[in-house]
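Residue-level listing of the chains:
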Amino acid sequence: MNNEKRRIILERLREDNPNPQTELNWSSPFELLIAVLLSAQATDVSVNKATDKLYPIANTPETILALGVDGLKQYIKTIGLFNSKAENTIKTCKMLIDLHGSQVPEDRAALEALPGVGRKTANVVLNTAFGWPTIAVDTHIYRVSNRTKLAMGKTVDDVEQKLLKVIPKEFKLDVHHWLILHGRYTCVARKPRCGSCIIEDLCEFSDKTEY
């Protein structure tokens, strides 16, 4: 795919959704961090249902730590992998208190050092909470980037690096949100909805559907 076509794709996505937002509910960098940590292999809808009950009770490192692992599990037990996520969340809260003055660090290495926080989670927090032009690549973005040929790669890291290279600066802040929403609702895994896609004529996917 050439750069001119990429730019038109991004311009269309921006025109369709000029101020894209994550579908996770959050009101502080800490709430976002925990929500993203909980969202691994789970839907945003399931995470929001849990945090909508959790955050009115506990939404700081101190208050969640006070719940303990077993107490936290009662709020997140409907989310996949909740046992390990509860353990990681409690450990993360303790590290934030002990090492970062209870604040979410605006630093990639410090974020990735937190239990349960990998590169993708760090990218989401840096982008969404702090406005960094990072691109977090999840399964949706990996699929859309490869399927459309916007940025092809064999791994999520490959796709991230390719996107960072080919996406113009003006789009980098929002492209993560555009691509994840496109993959979630239009360019879905089993049968993409090409017939209702705003970039169908620019996409280089060879097996397009009419729907």
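In the block above lies the structure referred to throughout.
Residues numbered from 1 in each chain as written. Predicted model: local features only at pLDDT ≥ 70, side-chain atom pairs only at ≥ 80, totals over all residues. Heavy atoms only, no water.

Caption draft 1: Looking closely at the overall build of the protein chain. A tally of helices and strands in the protein chain yields 10 helices and zero strands. Written out in order from the N terminus, the α and β elements of the protein chain read α-α-α-α-α-α-α-α-α-α. Radius of gyration (C-alpha) of the protein chain: 18 Å, near the 17 Å computed for a compact globule of 211 residues. Split into buried and exposed, the 211 residues of the protein chain put 47% on the buried side. Taking all contacts inside the protein chain whose residues are at least 6 apart in sequence as the whole, residues at least 24 apart take part in 58%. In the form shown here, the protein chain has an accessible surface area of approximately 10,500 Å², with 51% of it arising from carbon and sulfur atoms. Charged side chains in the protein chain number 28 positive and 26 negative. The centres of these two groups are separated by 5 Å. (Helix = DSSP H or I, 4+ residues; strand = E, 2+ residues; numbered from the N terminus. Rg over C-alpha atoms; globule rule 2.2 N^0.38 Å. Buried < 20%, exposed > 50% of the residue type's maximum accessible area, 1.4 Å probe, protein only. Contact = heavy atoms within 4.5 Å. Areas by Shrake-Rupley, 256 points an atom, 1.4 Å probe, with all protein chains shown as cover. Lys, Arg positive; Asp, Glu negative; His and termini not counted. Charge placed at Lys NZ, Arg CZ, Asp CG, Glu CD.)

Caption draft 2: Examining the packing of helix α1 (residues 3-16) against helix α10 (residues 169-185) more closely. Packing of α1 against α10 brings their axes to within 10 Å, and their N-to-C directions diverge by 75°. In terms of orientation, α1 and α10 fall into the roughly perpendicular class. In this structure, α1 contributes R7, L10, E11, L13 and R14 to the contact, and α10 contributes E170, F171, V175, W178, L179 and H182. The residue inventory of the contact of α1 with α10, partitioned by class, reads six nonpolar, one polar and four charged. (Axes fitted to C-alpha atoms, helices over the stretch in contact; angles between N-to-C directions. Parallel < 35°, antiparallel > 145°, perpendicular 65-115°, else oblique. Nonpolar A, V, L, I, M, F, W, Y, C, P; charged D, E, K, R; others polar.)

Caption draft 3: Seen up close, the pattern of salt bridges. If you walk through the whole model with that rule in mind, you get 11 salt bridges. A salt bridge links E160 to R119, with the nearest nitrogen and oxygen atoms 2.8 Å apart. Here R119 lies in helix α7 (residues 119-128) and E160 lies in helix α9 (residues 156-166), a separation of 41 residues in the sequence. Put simply, E200 and K208 hold a salt bridge, and the shortest N to O gap is 3.9 Å. Taken together, the shared-partner salt bridges connect R7, E11, R14 and E170 into one network. (Salt bridge = Lys/Arg side-chain N within 4 Å of Asp/Glu carboxyl O.)

Caption draft 4: How the structure looks around the packing of α7 against α10. Relative orientation of the contacting elements α7 and α10 amounts to 125°, with a least axis distance of 10 Å. With respect to α10, the element α7 is oriented oblique. Note on packing geometry: the crossing formed by α7 with α10 is left-handed. Judged by residue contacts, V124, N127 and T128 of α7 engage K172, L173, H176 and H177 from α10. Among the residues making up the contact of α7 with α10, the classes are represented as two nonpolar, four polar and one charged. (Left-handed = near helix turned anticlockwise from the far one by under 90°.)

Caption draft 5: Main features of α7. Where burial is concerned, most of α7 is hidden: eight out of the 10 residues are buried. Three or more residues of α7 are buried, namely T121, A122, N123, V124, V125, L126, N127 and T128. For α7, the elements touching its buried residues are α2 (29-38), α6 (108-112), α9 and α10.

Caption draft 6: Quick peek at the nonpolar core. Judged by nonpolar contacts, the single largest core of 31 residues is most densely connected at F30, L33, I64, L72, I76, L111 and V117. Residue assignment for this core shows that the elements contributing at least two residues are α2, α3 (44-54), α4 (61-76), α5 (82-100) and α7. No other element matches the eight residues that α2 contributes to this core. Look past the residues within four positions of I64 in its chain and what remains in contact with it is F30, L54, A58, N59, L72, T89, I90 and C93. (Core = buried A, V, L, I, M, F, W, Y, C linked by side-chain atoms within 4.5 Å.)

Caption draft 7: Broad picture of the packing of aromatic side chains. Scanning all chains against the criterion turns up one aromatic pair. Between the NZ or CZ atom of R147 and the centre of the ring of F205, over which it lies, the distance is 5.2 Å. (Phe/Tyr/Trp six-rings, centres within 6.5 Å; stacked < 30°, edge-to-face > 60°. Lys NZ or Arg CZ within 6 Å of the ring centre and 35° of its normal.)

Caption draft 8: Structural context of α1. In this model α1 runs 20 Å from its N-terminal to its C-terminal C-alpha over 14 residues, within 8% of the 20 Å that 1.5 Å per residue would give. Residues of α1 that are buried: R6, I9, L10 and L13. On an axial view of α1, the arc spanned by its buried residues comes to 95°, and they lie on one face. More than 90 degrees from the buried face of α1, the exposed residues found are E4 and E15. Elements in contact with the buried residues of α1: α9 and α10. Of the residues that open α1, the one with a side-chain oxygen 3.2 Å from the backbone nitrogen of E4 is N2. (Expected span 1.5 Å × (residues − 1). Arc of directions from axis to C-beta. Polar contact = N/O pair within 3.5 Å; in protein donor to acceptor, adjacent residues only side chain to side chain.)

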